[in-house]
Amino acid sequence: MKKIGVFYGSTSGTTLGIVDEVEFYLKKMEYDVINVADGIASIGDYENLILITPTYGVGELQADWENVFDEFSKVDFSGKVVGLIGLGNQYAFGESFVGSIKVLYDVVTNNGGKVVGFTSTEGYHYEESEAVIDDQFVGLAIDEGNQGDHTPDKIKSWIEEILPSFN
């Protein structure tokens, strides 16, 4: 398996905790972790990617992702396999729960990439989400504030699901 690039943005530190959890389940793999605040110039070096972002406002990207979005939107994702993890609060922001991963999803798919790791909407209580296609989230949806006790198992299962798609 080729090296995995894990790219994330974090403002409050919650996302960094999710990155640590992802790293735990990737410990036997080759991977690099890159904070998008430090730039995304190396994103093209990876054929296997995990992109992690919290959602702010009404389905908006985290500030560091927003700062690199112009560059990100020009990345050629042809031949790349991408898993997405979105963080959000299904109760406080139920009208846009984890909407930011849909922003990343659109760029990846429009630019030739393959997104893997769609997950069920069961067990979540939100009004709507742009990140849902055919009754599935376009990635792993995490509500650390309200369902944090489920996070390790969700990440473990999701990683196990997407790894066979990485070559």
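This text follows the structure it describes.
In what follows, the accompanying structure is described. The model shown is predicted, which means the values in this text are computed figures rather than measured ones. (Residues numbered from 1 in each chain as written. Predicted model: local features only at pLDDT ≥ 70, side-chain atom pairs only at ≥ 80, totals over all residues. Heavy atoms only, no water.)

1. A short note on the sheet that holds strand β9 (residues 136-137)
Strands sit in the order β7-β9-β8 across an open sheet of three strands; the sheet is antiparallel. The outermost strands of the open sheet, each flanked by one partner alone, are β7 (119-120) and β8 (132-133). Across two bridges, β7 lies against β9 in antiparallel orientation. If you follow Thr-119 over to β9, its bridge partner there is Phe-137. (Pairing = 2+ DSSP bridges. Helix = DSSP H or I, 4+ residues; strand = E, 2+ residues; numbered from the N terminus.)

2. Digging into unusual backbone geometry
The backbone phi angle of Val-98 is positive, close to 45°, even though this residue is not glycine. Structurally, the position occupied by Val-98 is in the loop between β5 (81-87) and α3 (100-110). The exposure class assigned to Val-98 is buried, which follows from its relative accessible area of 0%. Its identity as a non-glycine residue notwithstanding, Asp-134 has a phi of 50°, on the positive side. Of note, Asp-134 is situated in the loop between β8 and β9. For Asp-134, a relative accessible area of 72% translates into the label exposed. (Buried < 20%, exposed > 50% of the residue type's maximum accessible area, 1.4 Å probe, protein only.)

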